[in-house]
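# Observations on the model geometry
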Amino acid sequence: MLNRNKNFANLSSGYLFPEISKRRAAYAKAHPGAKIISLGIGNTTEPLTSHIVEGLHAEVTRLGTAEGYSGYGDETGLPSLRAKIAEVLYRGLVSAEEVFVSDGAKCDIGRIQYLFGSSVPVAVQDPAYPVYVDGSVMVGAAGPVSAGGTGYAGITYMPCTAENGFFPDLSAIPANSLVYFCSPNNPTGAVATKAQLASLVAAARSKGSIIIFDSAYASFIRDPALPLSIFEIPGARECAMEISSFSKPIGFTGVRLGWSIVPKELRFADGTPVMQDWTRLMTTIFNGASNIAQHGGLASLDAKGIAETRELTDYYLKNAQTIRTVLAGPNFRKAGVEIFGGDNAPYVWARFPGRKSWEIFDLILDTCHVVCTPGAGFGPAGESFIRFSSFGHHDQVAEACERLSTLAL
Ligand code: PLP
């Protein structure tokens, strides 16, 4: 029989979200009457907006005509969409050829692991979106978990805590490594300032490292002083690539559309442009994003689409404020709960001093019938934290918060 890929055996328990679903399902089975509300995973809940739907419809109609039909498209994306992303979302900081349209940021993270291979040292913010670490373990760049259970061998965890303002000590970045950095951050909701990103770029350049900057939540930034992209920072073009997504800005979590930016100046140690290998990879193991989805993406980048995106992201940010308000209530205050995020990001990150994340998760599920996300699932420094997601209908979020207001801690 075929041997199992040993990298998979190095993965610790299941991926975080299936584990949460398992616990939720077990609870629902044991308590069939409980009306469970999720403030858990970051899945969007509001319908697609009308102008973007028109963009999708128009392409479906076109594909149903002899003159308009097209099969496989360019693996790197519609030229018009690449140009529009460069112009509207990057205001000319990158060129159309540096934009690679894809089926989403998670899929690009998987392909990035393939690009850099199994011998690259990896550094992540701790806590972090689990795909950076689990994907690294799958390709053999990390693992197994150390005896103390504090993280995978080969991964440098850079703690992002309340004490350091959720911005890590960059001296920990290993030489010639891949540094995953997410801002606005999932799960902490923190957004790095321009000065912080400038120090990240300086550190990556001095260490010969490459930053994978994940800006999947940039559309939630409301403070105009905060950077939307790593490419706002001088010097980033030589040391960073960026991945991003239409999932959260326009509700394309199921439609699937994202992009990556690889600047022409970014090179490997032997001088090969990273763009050359990324193009080879994307044109070999990816066959282009759905043409229908790409026309929806295009619609989102004209004036009407931009206004709809703003309205949709504002809707979720309002939920974040509702959640922040309840967490500031007397029961939480008495237990010393501290609240972070939610202003320029769809996640609220709350610390429950002296308590374990999974303990609080179970308590909230048992007594409020609300599902949240235990911070420990995002990395060792997430222990004692809970992530509350603002993706939900207003009435559901309001009801969940009503229940949380009576939580005995
Ligand atoms: N990056 C981060 C930080 C995320 O939180 C998510 C989804 O939750 C993704 C990427 C995935 O985005 P996509 O839907 O484009 O695959």
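Each value, and the rule that gives it
- Residues numbered from 1 in each chain as written.
- Predicted model: local features only at pLDDT ≥ 70, side-chain atom pairs only at ≥ 80, totals over all residues.
- Heavy atoms only, no water.
- Helix = DSSP H or I, 4+ residues; strand = E, 2+ residues; numbered from the N terminus.
- Rg over C-alpha atoms; globule rule 2.2 N^0.38 Å.
- Buried < 20%, exposed > 50% of the residue type's maximum accessible area, 1.4 Å probe, protein only.
- Contact = heavy atoms within 4.5 Å.
- Areas by Shrake-Rupley, 256 points an atom, 1.4 Å probe, with all protein chains shown as cover.
- Lys, Arg positive; Asp, Glu negative; His and termini not counted.
- Charge placed at Lys NZ, Arg CZ, Asp CG, Glu CD.
- Salt bridge = Lys/Arg side-chain N within 4 Å of Asp/Glu carboxyl O.
- Pairing = 2+ DSSP bridges.
- Axes fitted to C-alpha atoms, helices over the stretch in contact; angles between N-to-C directions.

### With respect to the overall build of the chain
In terms of regular secondary structure, the chain is built from 14 helices and 13 strands. The C-alpha atoms of the chain give 21 Å as radius of gyration, which agrees with the globular expectation for 409 residues (22 Å, within 12%). For the chain, with 409 residues in total, the buried portion stands at 52%. Taking the intrachain contacts of the chain between residues at least 6 apart in sequence as the baseline, contacts between residues at least 24 apart amount to 74%. Counting every atom, the chain has about 17000 Å² of accessible surface; 57% of that belongs to carbon and sulfur. A distance of 4 Å separates the average location of the 34 positive side-chain charges in the chain from that of its 37 negative side-chain charges.

### Quick notes on the pattern of salt bridges
Close approach of charged atoms lets side chains of opposite charge pair. Scanning all chains against the criterion turns up 19 salt bridges. Taking the shortest distance from any N to any O, the salt bridge between R23 and D362 comes out at 3.2 Å. Taken together, the residues R23 in helix α2 (residues 16-30) and D362 in helix α13 (residues 357-368) connect sequence positions 339 residues apart.

### Here we look at the sheet that holds strand β13 (residues 385-389)
Pairing between sheet strands relies on hydrogen bonds along the backbone, with the strands arranged either parallel or antiparallel. Taken together, four strands build an open sheet; the order of strands is β9-β10-β13-β12 and the sheet is antiparallel. This sheet does not close on itself; its edge strands, each paired only once, are β9 (338-341) and β12 (373-374). Strand direction decides the pairing type here: strand β10 (residues 347-351) and β13, joined by five bridges, are antiparallel. By the bridge assignment for β13, V348 is matched with F388.

### Focus: the sheet that holds strand β3 (residues 122-126)
Within the open sheet, the seven strands sit side by side as β2-β8-β7-β6-β5-β3-β4. Their pairing is mixed. Lying at the two open borders of the sheet, with one neighbouring strand each, are β2 (99-102) and β4 (155-159). The sheet shows a mean angle of 20° between the axes of neighbouring strands, taken without regard to direction. As paired elements, β3 and strand β5 (residues 178-182) share three bridges and run parallel to each other. Counted as the bridge partner of V122 is L178 from β5. Lying on the sheet, helix α9 (residues 274-285) is in contact with β2, β6 (210-214), β7 (240-245) and β8 (258-261); it crosses β2 at an angle near 25°.

### What about unusual backbone geometry?
Looking along the chain, the bond that leaves S183 and enters P184 is cis, with omega of -5°. Structurally, the position occupied by P184 is in the loop between β5 and α7 (194-207). Residue N186 is joined to P187 through a cis peptide bond whose omega torsion reads 15°. With respect to the helices and strands, P187 occurs in the loop between β5 and α7. Unusually for a residue other than glycine, R91 sits at a positive phi of about 45°. Here R91 shows up in the loop between α4 (79-89) and β2.

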